[in-house]
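# Structure at a glance
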Amino acid sequence: MSGRLLGKKLSSYQIIISGFLGVILIGTLLLMLPVSSKQRIWTAPEDALFTSTSAVCVTGLVIRDTAMHWSVFGQTVILILIQIGGLGVVSVAAFLATLSGRRISLLQRSMLQDSISAHQIGGIVKMTGFVFKVAFLTELLGALVMLPAFCRSFGAAGIWMAVFHSVSAFCNAGFDVMGGKTGAFSSLTFFRGSIGVSLPICLLIVIGGIGFLTWDDIAANRLRFKKYRMQTKAILVTTAVLILLPALYLFFSDFSGFPLKERLCLSLFQAITPRTAGFNTADLTAMSSPSRAMLIVLMLIGGSPGSTAGGMKTTTAAVLIANALAVFRKKKNARMFGRRIEDAVVKNAATLLSMYLCLVFAGAFLISALEALPFGTCLFETASAIGTVGLSLGITPALGTVSHLILIALMFFGRVGGLTLMFAAVSSKSAEVSQCPVEKINVG
């Protein structure tokens, strides 16, 4: 079937979803091959599907330790899936088409607009080029900065480790290849006090997580904050608050007993990584219940629109807070930075919050009932899955098939996006043309 005929039958949202599903399937088949495992044996379809979904959805939850189970070929497949998933299936396809000299059609431009959450279709191809330049340059610089620390600790193997972790951090994936050196599922705990690794990883996570539209605005207006778009201002302020406050809390609570250098590194790292990178330099099982609850909230909020991160997005949280403040002040509309927010945007934000809360609690309830595990522990895993984070309290590898399928569904939902799935399921032809009579109902 030709792309033109397919385009007439499928909306851009449906094509985006189909693209993600197709890449996940290809990744699953490749990871099942004996060449993908260190033991040169076939990998179980369930394990391959889970790993492929986690990589494409840039999550980082794993059943098998990445360094100990997967060969160099398998790790390379995972890294490519992370790169495709982080930058977006449609964006990667358009970039490759541009390199080959092909012209990008109007339908493809529309899909690109939806894929990277751009406000307008004009200049979208140029924007895609900017995305890839920023991504590759940032990942290269990240690898070079971390190279000395990895090579000093692991020799020549540190070259591959620096590259892998740079791409994984920028794409907010959370996959690591430390297991073969520091123990299974150890993440980056080996570098908990290392500024040479902790700081670059944090910067890569933030750069990838605030969104390419934000960087485009910053590139155009430099450091003139007043000239930024309202969305850019909201993203930067919300991101700063969501880093600073958790870091201060962790500094004075869970990590108060560590030396100052480690204390600073641990606090900053654990404040940044839940949105939505998935690396950890601290033992999450040893953290207090309030701190874990805070991490769950951060995982659900996630990164920003048009970024490599998942979650509800920082703008969703900002809009909901602005709307709450408007209600408290008895204002007609929510406002931010001297601009009014459309009612439709507030409705979308409230819908996203409802969908995320329903799914994360339902998933935790089902897993807890199926596996006979504490609800709070299961809630942490489902929040990590739907937020495409990858942080874990260590129960994911031992879960049953049904529980793994639940996490797979949550990871896919979190990466593709709730509104994308909703718009793909509902035809644009079903737009409302009439209104029902109004009747009052009391709330609160």
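On a plain count of helices and strands, the protein comes out with 20 helices and two strands. On C-alpha atoms alone, the protein measures out to a radius of gyration of 22 Å, which is about the 22 Å that the 2.2 N^0.38 rule sets for 444 residues. Across its three principal directions, the C-alpha atoms of the protein cover 65 × 55 × 50 Å. A buried classification covers 52% of the 444 residues belonging to the protein. Accessible surface, the protein: about 20,800 Å² in total, of which carbon and sulfur atoms supply 66%. Treating the 36 positive side-chain charges of the protein as one cloud and the 17 negative ones as another, the clouds have centres 12 Å apart.

Moving on: the nonpolar core. With 106 residues, the main nonpolar core has I82, F150 and I201 as its most contacted residues. Listed in part, the ten residues of the second largest apolar core include A318, A326, V346 and A349.

This part covers the packing of helix α13 (residues 230–252) against helix α16 (residues 314–328). Helix-helix packing: each pair is described by the crossing angle between the helix axes and the interaxial distance. One way to put it is that α13 packs onto α16 with a least axis distance of 9 Å and a crossing angle of 95 degrees. The angle between the axes of α13 and α16 places the two elements in the roughly perpendicular class. In contact with Q231, A234, I235, T238, T239 and L242 of α13, α16 contributes T314, T315 and A318. Considered class by class, the residues forming the contact of α13 with α16 number four nonpolar, five polar and no charged.

A contiguous nonpolar patch, built from F225, V237, V241, L244, L245, L248, F252 and F337 and spanning about 730 Å² of accessible area, is present on the exposed surface. Considering the arrangement of structural elements, one finds F252 in helix α13.

Here the focus is the confidence of the model for the protein. The share of residues in the protein with pLDDT of 70 or more is 90%, and the mean pLDDT across the chain is 89. No element of the protein has a lower mean pLDDT than helix α1 (residues 3–9), which averages 49, and none a higher one than helix α18 (residues 375–386), which averages 97. Considering only residues more than four positions removed or in separate chains, one finds that residues 1–7, a stretch of pLDDT under 50, has four contacts.

Right, let's get into the pattern of salt bridges. Opposite charge on two side chains permits them to pair, given that their charged atoms come into close proximity. Applying the stated criterion across every chain yields a total of two salt bridges. With a closest N to O distance of 2.9 Å, R64 and D47 form a salt bridge. Here R64, found in the loop between α3 (45–56) and α4 (66–69), pairs with D47, found in helix α3; they are 17 residues apart in sequence, far enough to count as distant. For D47, a relative accessible area of 9% gives the class buried. Among the ionic pairs, E262 bridges to R192, the shortest N-O distance being 3.2 Å. Residue E262 is found in helix α14 (residues 260–272), and its partner R192 is found in the loop between α10 (179–182) and α11 (195–209); the two are separated by 70 residues along the sequence. Overall, the relative accessible area of 22% leaves E262 in the partly exposed class. Residue R192 is classed as partly exposed on the basis of its relative accessible area, which comes to 36%.

On to a positive patch on the surface, then. A cluster of basic side chains, namely R329, K331, K332, R335 and R340, defines a positive patch on the protein surface. Within the secondary structure, R329 sits in the loop between α16 and β1 (335–336).

This next bit is on the packing of aromatic side chains. Going through the model one piece at a time under the given rule, you end up with 13 aromatic pairs. Both rings, one in F170 and one in F212, keep their centres 6.1 Å apart while their planes meet at 50 degrees; by these two values the pair is tilted. Residue F170 is found in helix α9 (residues 157–170), and its partner F212 is found in helix α12 (residues 212–221); the two are separated by 42 residues along the sequence. Comparing F170 with F212 shows no difference in burial state: the two are buried. When the centroid spacing of 6.2 Å and the interplanar angle of 20 degrees are considered together, the rings of F361 and F375 count as stacked. Of the two residues, F361 sits in helix α17 (residues 343–371) while F375 sits in helix α18, which places them 14 residues apart along the sequence. An aromatic cluster is defined as three or more aromatic residues linked by ring pairs; in this entry it consists of F150, F154, F190 and F191. Lying across the ring of F251, R263 places its NZ or CZ 3.8 Å from the centre.

All right, on to the environment of H69 then. Looking at the secondary structure, you find H69 in helix α4. The sequence separation of H69 and G180 amounts to 111 residues, and the corresponding C-alpha distance is 9.0 Å. At a separation of 3.1 Å, a polar atom in the side chain of H69 contacts the side chain of T43. A polar contact is formed between the side chain of H69 and the side chain of R64, at a distance of 2.8 Å.

Definitions and cut-offs
Every chain is numbered independently, its residues counted from 1 as its sequence is written. Per-residue local features of the predicted model are confined to residues with pLDDT of at least 70, and side-chain atom pairs are confined, for both listing and counting, to 80 or more; whole-chain, interface and lining totals are unaffected and use all residues. For the side-chain quantities, the full set of heavy atoms in the structure was used; hydrogens and water were omitted. In DSSP terms, a helix is any run of H or I states spanning at least four residues, a strand is any run of E spanning at least two, and both are numbered starting from the N terminus. For this measure, only C-alpha atoms enter the radius of gyration; the expected value for a globule follows 2.2 Å times N^0.38, where N is the number of residues. Three exposure classes are used, based on accessible area relative to the maximum for each residue type with a 1.4 Å probe and protein chains only: buried under 20%, partly exposed in between, and exposed over 50%. In this description, accessible areas are obtained by the Shrake-Rupley approach with a 1.4 Å probe, and a residue is regarded as covered only by the protein chains that are shown. Neither His nor the chain termini are counted; the positive set is Lys and Arg, and the negative set is Asp and Glu. By convention, the charge on Lys lies at NZ, on Arg at CZ, on Asp at CG and on Glu at CD. We define a nonpolar core as any set of buried Ala, Val, Leu, Ile, Met, Phe, Trp, Tyr and Cys residues linked to one another through side-chain atoms lying within 4.5 Å. Note on geometry: axes are lines fitted to C-alpha atoms, helical ones only across the stretch in contact, with angles between N-to-C directions running from 0 to 180 degrees. For classification purposes, an angle smaller than 35 degrees is called roughly parallel, one larger than 145 roughly antiparallel, one from 65 to 115 roughly perpendicular, and anything else oblique. In what follows, residue pairs with any heavy atoms lying within 4.5 Å of each other are defined as contacts. Polar here means any residue other than Ala, Val, Leu, Ile, Met, Phe, Trp, Tyr, Cys and Pro, which are nonpolar, and Asp, Glu, Lys and Arg, which are charged; Gly is therefore polar. Candidates for patches are residues over 30% relative accessible area with no salt bridge; among them, like charges are joined within 9 Å and nonpolar side chains (Val, Leu, Ile, Met, Phe, Trp, Tyr) within 5 Å. Whenever a carboxyl oxygen of Asp or Glu lies within 4 Å of a side-chain nitrogen of Lys or Arg, that contact is scored as a salt bridge. Per-residue confidence from the predictor is reported as pLDDT, a score between 0 and 100. Under the pairing criterion, centres of Phe, Tyr and Trp rings, with the six-membered ring standing for Trp, must be within 6.5 Å; the plane angle then separates stacked pairs below 30 degrees from edge-to-face pairs above 60, leaving the rest tilted. The rule for a charge over a ring is simple: NZ of Lys or CZ of Arg within 6 Å of the ring centre, and within 35 degrees of the ring normal. The term polar contact refers here to a pair of N or O atoms within 3.5 Å; inside protein, the definition further demands a hydrogen-donor-capable atom paired with an acceptor-capable atom, and it admits residues adjacent in sequence only when both atoms are side-chain atoms.

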